[in-house]
Amino acid sequence: RIIIYSKKINAAMLGMEMATQNINDGYPEALLRSLRKGFLSDDIYGQIKNCSNSSEFKLVLEDTDYGTDLFNAEEGKENVEVSQLRKKMKQRLMDQFQFILAQSCYPLNAFIVKMLHGYQIDNVVFIIEGLKGGRTMDELLKTADPLGYFPELKNIMPVEDNDYASLYQTVLIDLPVGVYFRKFMNEITAGGAAADDNVEMDSRFIADAMKDYNLQQIQLRVKKIWLHEFYDWCETSLNETSAEVMMDLLKFEADMMTIQIIANSLSFRDLSDAKGREVERKKYISRVGYLYPERDELLSKVNDFKAMMLALEATPYEEMLRRVN
């Protein structure tokens, strides 16, 4: 008698995962295949390149999936505003994400949520900066990235005298991306004082830990944490094919962040001198990516654009940089 224990042998182990694929993923896959048909073809892109005015641009797109959605509100206008066009395209994409999310189950739903966290972090920083600049919340919500919108954005309050500690305690910790801000606090506080989610930190302690960070530095550190968390989740929670594809994309994203951070740091003496390179700049550079660890030592010594080119020699990024030099 052969006894098969279900807890030890599953469909994937038997090579029969496709036999049960439709139970949870059949409808979302059909949706994605349908949406994929709406991608612009090479021929359409070629026609767009040859457009000489907005009327021709509208004419090319009116027979695609984008045409009706993009230009309904632009009737009677001679020119198409690029900012409005970009926002409408992103809003359309976000609507599709939300619809797929409503039809999906784990791990697809968790994947979509975690992916959108990166845009939500950017929106949080955008709202805080806008409020500091005297703009109204209504105005900021209208111009925020649709891919990073979530209802709690409107709860963010103006920051007085760079008091991000109070903002963290009253608002940021309760946002969907609050877990990344808490882990950032855990990194910068001595002894990991923010590691326990049940421990409420003293505002003076937070203020002292955050006094050396401006908003852009906080954004970079939080985005780095998100990227590492997303990478680890994809590696352990997705199937082999999906994990391989996503890890490749996230490594590329991490490399782009690393190159951008190093390039921007060259304008600041405290980040490009020996001490800044070895201590401060490394705090923002990701340990996920194709550049780490092979190019880490070379990149840590970069103090000008020429040194960066040498550090990236024989990588796909060398040619990219050569084009912008």
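Residues numbered from 1 in each chain as written. Predicted model: local features only at pLDDT ≥ 70, side-chain atom pairs only at ≥ 80, totals over all residues. Heavy atoms only, no water.

Along the polypeptide, His-117 turns up in helix H6 (residues 108–132). The sequence separation of His-117 and Tyr-149 amounts to 32 residues, and the corresponding C-alpha distance is 9.7 Å. If near-sequence neighbours (up to four positions away) are discounted, His-117 is found in contact with Pro-176, Val-177, Tyr-180 and Trp-226. (Helix = DSSP H or I, 4+ residues; strand = E, 2+ residues; numbered from the N terminus. Contact = heavy atoms within 4.5 Å.)

A few words now on empty space enclosed by the protein. The method is simple in principle: a probe with the dimensions of a water molecule rolls over the atoms, and the space it marks as empty is what remains. The full count for this structure, using the stated rule, is two cavities of 30 Å³ or more. Each pocket or cavity is described by its volume, and for the largest cavity that value is around 60 Å³. Taken together, Asp-255, Thr-258, Ile-285, Ser-286, Val-288, Leu-291, Tyr-292, Asp-296 and Leu-299 form the lining of the largest cavity. Within the residue set of the lining of the largest cavity, elements represented by two or more residues are helix H12 (240–265) and helix H15 (296–300). Counted by class, the lining of the largest cavity contains five nonpolar, two polar and two charged residues. Taken as a whole, the second largest cavity holds about 50 Å³ of empty space. Around the second largest cavity sit Ile-128, Tyr-164, Leu-172, Phe-181, Met-210, Leu-215 and Ile-218, which together line it. Here the lining of the second largest cavity is built from residues that sort into seven nonpolar, no polar and no charged. (1 Å grid on protein atoms, 1.4 Å probe; cavity = no way out; pocket = protein on both sides within 12 Å on 5 of 7 lines; lining within 4 Å. Points joined across faces, edges and corners; volume = space filled by probe spheres on them. Nonpolar A, V, L, I, M, F, W, Y, C, P; charged D, E, K, R; others polar.)

The subject of this paragraph is the confidence of the model for the chain. Across the chain, the average pLDDT comes to 81, with 80% of residues at 70 or higher. Confidence drops under pLDDT 50 across residues 1–11; counting only partners more than four residues distant or on other chains, this segment forms six contacts. Taken together, the stretch residues 192–199 has pLDDT below 50 and engages in 13 contacts with residues farther than four places along the chain or on a different chain. (pLDDT = per-residue confidence, 0-100.)

Ranked by internal contacts, the top residues of the largest apolar core, which has 67 residues, are Phe-111, Val-124, Ile-128, Ile-156, Phe-184 and Phe-230. In terms of residue count, the dominant contributor to this core is H6 (eleven residues). Once you skip the residues sitting within four places of it in the chain, Ile-156 turns out to touch Val-124, Ile-127, Ile-128, Leu-131, Met-137, Leu-167, Val-171 and Leu-175. Core analysis: the next-biggest nonpolar cluster, separate from the first, contains eight residues, Leu-40, Phe-57, Val-60 and Leu-61 among them. (Core = buried A, V, L, I, M, F, W, Y, C linked by side-chain atoms within 4.5 Å. Buried < 20%, exposed > 50% of the residue type's maximum accessible area, 1.4 Å probe, protein only.)

The peptide bond linking Tyr-106 to Pro-107 adopts the cis configuration, its omega dihedral lying at 10 degrees. Inspection of the secondary structure puts Pro-107 in the loop between helix H5 (82–103) and H6. For the bond from Tyr-292 to Pro-293, the omega torsion is 5 degrees, close enough to zero to count as cis. Within the fold, Pro-293 resides in the loop between helix H14 (274–280) and H15. Look at Ala-314: it is not a glycine, yet its phi comes out positive at around 70 degrees. With respect to the helices and strands, Ala-314 occurs in the loop between helix H16 (305–311) and helix H17 (316–324). With relative accessibility at 68%, the residue Ala-314 sits in the exposed group.

This paragraph deals with the packing of aromatic side chains. Within this structure, the stated rule accounts for four aromatic pairs. When the centroid spacing of 6.2 Å and the interplanar angle of 85 degrees are considered together, the rings of Tyr-106 and Trp-233 count as edge-to-face. Remark: Trp-233 occurs in helix H11 (residues 215–237) and Tyr-106 occurs in the loop between H5 and H6; sequence separation between them is 127 residues. Look at Tyr-106 and you get exposed, because its relative accessible area is 51%. Note on Trp-233: relative accessible area 11%, which makes it buried. For the cation-ring pair, Arg-221 lies above Tyr-284, with the distance from its terminal atom to the ring centre recorded as 5.9 Å. (Phe/Tyr/Trp six-rings, centres within 6.5 Å; stacked < 30°, edge-to-face > 60°. Lys NZ or Arg CZ within 6 Å of the ring centre and 35° of its normal.)

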